[in-house]
Amino acid sequence: MAFTRINNKMVSAQVLPGQRILSQRGSMLGYTGEVSFQPNLMGGQGGVMSMIGRRVANEDTPLMTVEGHGTVMFGHGGHHVHVVDLVGDTLYVEADRLLAFEGSLQQSTMFMGQQGGLMGVVRGQVTGQGLFTTKLTGHGAVAVMAHGGVIELPIFPGQPVHVDPQAYVAHRGEVTNKLSSALGWRDMVGRGSGEAFQLELSGQGTVYVQASEVKL
Amino acid sequence: MAQFRLQGSKVLAVDLAGDTVKARNGSMVAYTGQMGFKKLSGGGDGLRGMVTRRLTGERMEVMEVKGQGTCYFADKATEINLVRLNGETLFVESDNLLCTEASLRTGTSFTGLNGMASGNGLFTTKVEGQGWAAVTSHGPAVILRVSQGLPLRVDPGAYIAHTGNLHRALKSGAGWSTLIGEGGGEAMQVEFTGEGLVYVQPSERTTLGGEV
Amino acid sequence: MSYPPQNPYGQQPYGQQPYGQQPPPHPPQGPPPGYSQQQYEQSHQATQAGMPLPPQAPPYQAGPAGQFGAPVFQPPGGEGPKVWDAGTLPDNDNVNPYCFSVDLNGAYYLQKGKMIAYYGEMRFSGVGRGALDQLLERNFNSPLHASDWVVAEGRGKLLLADRAYDLNSYDLEDGNLTVRSGNLLAFEPTLQLKQSIIPGFLTLIGTGKFVAASNGPVHFVEPPIRVDPQALVGWADCPAPCHHYDHGYLHGVIGGLRHLTGIGGASGEEHQFEFIGAGQVLMQSSETLMADRSVGVIGAEPGIPGSGVPHQQQHGGGSVPGLGNLGDLGRRFGL
């Protein structure tokens, strides 16, 4: 457990020599000990292409590397913080919602369009969340932000979960996602109800949903 | 029968078995199973509902959700208060009504000066019947009892709902006797007398009645 | 048996680690995991020297931070919402984490517009008028913007709230606590309110209770600590609040390049407030500032920093001179 919950909007992390933590720039609230904060040009890993990808996707959430010896407190914007522990599996999370994560995790930027083809592209545009989602794999903890806290909804085979794209925070597990449009679905029943587009997540895993339709 | 339950304090989960609930437009955050969403006229039914929307500019648009499964509702990370009605009437600021069971009738009631002071339209939504209603509040609502001889005064911006046999009157804050700039800041208050419960939120909407 | 003695709590799922299993190497501010949601102290008294010393609380507890958890007032399990009335509302205590009930019997100062409801007979008057001049002289030893403050007088139960921010009450016993102006909500007339030397902060001195709001629950830490300026709510007793600039990122070739071109940016954490010495630092878990309250203009006198400097006065009503600028500076560095 790299992150210790202080309260529902704050976590603290221990930084030890040789272990780094990546966090969203400007999200440090306070620290003790000798800790340095270095801007992270490449956004962790993935090299220049990743960076370009991020720029193109307008999803340039700048990260910083936290190193040294001490304790650092993180929080941002009064948003609720939720810690997810990864044990060799993968978490997909909107880059804007990423507060901090352990350096032991493999980070890459995923092109959401790979899943769901054209609809994936549409989804990115509809949700305004960009086409790129941060993918974190390995062993370690991730602190994710959400407006109003998150609820975890399990996804079971044959029981897909539909999520309002604005309320989607992250998901993990063997999950495929596609944008289901209420348009043309049951005679445009959903039209005007404010629920025109939904993210459909199916497979086996967990989806994290926030208690708000407000995007970060 | 739709089952209302809270998932945390800010998400309402409604279990549906082919039945229907009415919810604020766009407030669905997730669902499992099969759900259909249909827009309703909003602001209550019939002519008065339309008048409400015209007059107040409130976009209290309502959708009907029907299906099998669990539907999750939330509204801008506000707290959700479940109110069980057994024939009583619930008066609620339209902005704060998130979801009602289909068995409940919703309409509008003229709230006079209260509405004016709170800048929240002249009409309040009236919910009657038997069933569950979900009311949102910015921060957990505080429920205050009003009884004979114990009137309550609330800030119009903090008022969200009330039940019971209550009389409302707009009062100017006592002691508000000087220039606005030096005033007491609590210029407008709503006084409740009678018997009933008043729901207030630990927050204040921006109001027309001055910087209250 | 080859097993080491089993911890009795060993079976508990994660998030419930017992004390000692993972000794936090940062004792002052390391709350036991999972503590935060459950604890709700009656009235969040701090236990440090100079800060209130409630009779029953031993000074210098191992983890004073542990007392100030995210206040969850009622366990969600308790079905049926609580209904309050004039008799059952708490006396000078929180109704829930976001609402504070004052048992008014006399006078109380509050920031304008923070009353949400009341029972009883009371009147609200602007500070600085006629009959109240005496009160004003006694309590406001600062060129406060009087119109921001209201005196509630009378008898009854008064409910205070501020945009659903977390409210905490603090008992001072012959102590002092400095708080960001925008966070101070109400205080007893037994306390004196003064303007801090640090711009944008107010100092309360004396004995009595005050109520402050914070964006997220307040977290208490002991110096030495460096705090992001925007996360600072206030401090008690710390003798040396100062600025700390981390220039490391500007050093070297890369750093110089960054400095010149802005490419690569900064980490956004180059500037902090540093606290050393004995005391308590109050942090809010957010970097979103609450709207600052004007603390009034400081008289232009030699030797008073920030006094009568024209550009600071431009900020006028809403923002705080000096501190806002520093915040901007930090942000500018960050961009």
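Scoring rules and cut-offs
- Residues numbered from 1 in each chain as written.
- Chains lettered and ligands numbered in written order.
- Predicted model: local features only at pLDDT ≥ 70, side-chain atom pairs only at ≥ 80, totals over all residues.
- Heavy atoms only, no water.
- Helix = DSSP H or I, 4+ residues; strand = E, 2+ residues; numbered from the N terminus.
- Buried < 20%, exposed > 50% of the residue type's maximum accessible area, 1.4 Å probe, protein only.
- Contact = heavy atoms within 4.5 Å.
- Areas by Shrake-Rupley, 256 points an atom, 1.4 Å probe, with all protein chains shown as cover.
- Salt bridge = Lys/Arg side-chain N within 4 Å of Asp/Glu carboxyl O.
- Core = buried A, V, L, I, M, F, W, Y, C linked by side-chain atoms within 4.5 Å.
- Phe/Tyr/Trp six-rings, centres within 6.5 Å; stacked < 30°, edge-to-face > 60°.
- Lys NZ or Arg CZ within 6 Å of the ring centre and 35° of its normal.
- Pairing = 2+ DSSP bridges.
- Polar contact = N/O pair within 3.5 Å; in protein donor to acceptor, adjacent residues only side chain to side chain.
- pLDDT = per-residue confidence, 0-100.
- Disulfide = S-S within 2.5 Å.

The next subject is the overall build of chain B. Each helix and strand counted, chain B has 2 helices and 12 strands in total. Put simply, chain B has 212 residues, and 60% of those count as buried. Long-range pairs, those at least 24 residues apart, make up 78% of the contacts in chain B between residues at least 6 apart in sequence.

Quick look at the overall build of chain A now. Scanning chain A from terminus to terminus reveals 2 helices and 13 strands. A buried classification covers 59% of the 216 residues belonging to chain A. A separation threshold of at least 6 residues defines the contact pool for chain A, and within that pool the share at least 24 residues apart is 83%. When the accessible area of chain A is evaluated, it comes to approximately 7,800 Å², of which 55% is carbon and sulfur surface.

Attention shifts here to the pattern of salt bridges. Inspection of the entire model under this criterion finds 11 salt bridges over all chains. Among the salt bridges present, the one from Arg172(A) reaches Asp89(A), with a minimum N-O distance of 2.8 Å. Here Arg172(A) is found in strand S12 (residues 168-181), whereas its partner Asp89(A) is found in strand S6 (residues 80-93), with 83 residues between them in sequence. Judged by relative accessible area, Asp89(A) falls into the partly exposed class, the value being 22%. For the salt bridge of Lys76(B) with Asp75(B), the shortest nitrogen-to-oxygen distance reads 3.3 Å.

Here the residue pair Pro223(C) and Pro224(C) is connected by a cis peptide bond, since its omega of 0 degrees sits within 30 degrees of zero. Considering the arrangement of structural elements, one finds Pro224(C) in the loop between strand S11 (218-221) and strand S12 (225-227). If you check the backbone angles, Ala77(B) has positive phi at about 60 degrees while not being a glycine. Within the secondary structure, Ala77(B) sits in the loop between strand S4 (62-73) and strand S5 (79-92). Since its relative accessible area comes to 13%, Ala77(B) is described here as buried.

So, about the nonpolar core. Proteins that are soluble and globular tend to have nonpolar side chains buried together. Judged by nonpolar contacts, the single largest core of 23 residues is most densely connected at Leu144(B), Val154(B), Val198(B), Val200(B) and Leu159(C). Listing elements by their share of this core, those giving two or more residues are strand S9 (142-146), strand S10 (152-154), strand S11 (159-172) and strand S12 (188-200) of chain B together with strand S4 (115-126) of chain C. Considering every element that reaches this core, the biggest residue donor is S12(B), with 4 residues. Dropping the residues within four chain positions of it, Val198(B) is found in contact with Val142(B), Ile143(B), Leu144(B), Val146(B), Leu152(B), Val154(B), Tyr159(B), Ala161(B), His162(B), Leu166(B) and Phe192(B).

Another aspect to go through is the packing of aromatic side chains. Per the stated rule, a full pass over the model turns up 9 aromatic pairs over all chains. Connected via pairs of aromatic rings, a cluster forms that spans Tyr170(C), Phe210(C) and Phe220(C). A cation over an aromatic ring shows up here: Arg168(B) above the ring of Phe91(B), its NZ or CZ 5.5 Å from the ring centre. Above the face of the Trp84(C) ring, Lys82(C) is positioned so that its terminal group lies 5.0 Å from the ring centre.

Residue and element names in this part refer to chain A. With 5 of 6 residues buried, strand S2 (residues 10-15) lies mostly within the body of the structure. Across 4 bridges, strand S1 (residues 3-7) lies against S2 in antiparallel orientation. Across the sheet, the residue bridging to Phe 3 is Ala 13, located in S2. Here S1 folds back onto S2, and the loop between the two strands holds 2 residues. The pairing of S2 with strand S5 (residues 63-74) spans 5 bridges and is antiparallel. Note that in S5 the partner of Gln 14 across the bridge is Thr 71.

In this section: the environment of Met28(A). Mapping Met28(A) onto the fold places it in strand S4 (residues 28-40). In the structure, Met28(A) is positioned 72 residues away from Ala100(A) in sequence and 9.6 Å away in space, judged by C-alpha atoms.

Before going further, it helps to spend a moment on the environment of Pro151(B). Of note, Pro151(B) is situated in the loop between S9 and S10. Remark: the alpha-carbon pair of Pro151(B) and Leu166(B), spanning 15 residues in sequence, is separated by 9.8 Å. With residues up to four places along the chain from it excluded, the contact list for Pro151(B) reads Val146(B), Glu191(B), Phe192(B), Thr193(B), Tyr118(C) and Tyr119(C).

The subject of this paragraph is the side chain of Asn96(C). Residues and elements named next belong to chain C. Its place among the elements puts Asn 96 in strand S2 (residues 93-96). Taking relative accessible area as the criterion, Asn 96 reaches 7% and is therefore assigned buried. One polar contact links the side chain of Asn 96 to the main-chain amide nitrogen of Tyr 98, over a distance of 2.8 Å.

As a further point, take the confidence of the model for chain A. Residue and element names in this part refer to chain A. Residues with a pLDDT of 70 or more make up 69% of chain A, whose mean pLDDT is 76. No element of chain A has a lower mean pLDDT than helix H1 (residues 47-56), which averages 45, and none a higher one than S2, which averages 93. Across residues 42-59, confidence stays below pLDDT 50; counting only partners more than four residues off in sequence or on other chains, it has 31 contacts. Note that pLDDT drops below 50 for residues 113-131; the model gives that stretch 39 contacts with residues more than four away or on any other chain.

Residue classification places Pro224(C) among the exposed positions, given a relative accessible area of 57%. The spacing of Pro224(C) and Asp166(C) is 58 residues in sequence and 26 Å in space, taken between C-alpha atoms.

Residue and element names in this part refer to chain B. Mean pLDDT over chain B works out to 78, with 72% of the residues at or above the 70 mark. Mean pLDDT per element in chain B: helix H2 (residues 113-118) is the minimum at 47, and S9 is the maximum at 95. Predicted confidence is poor over residues 54-58, with pLDDT under 50, and the contacts of this stretch with residues over four places away or in other chains come to 10 contacts. Scored below 50 in pLDDT, residues 206-212 makes 20 contacts in the model with residues more than four places away or belonging to other chains. Predicted complex metrics record ipTM = 0.81 and pTM = 0.75.

On inspection of all chains with the given rule, the structure shows 0 disulfides over all chains. Of all cysteine sulfurs in the structure, the one in Cys99(B) sits closest to Cys71(B), which takes part in no disulfide; the separation is 8.0 Å.

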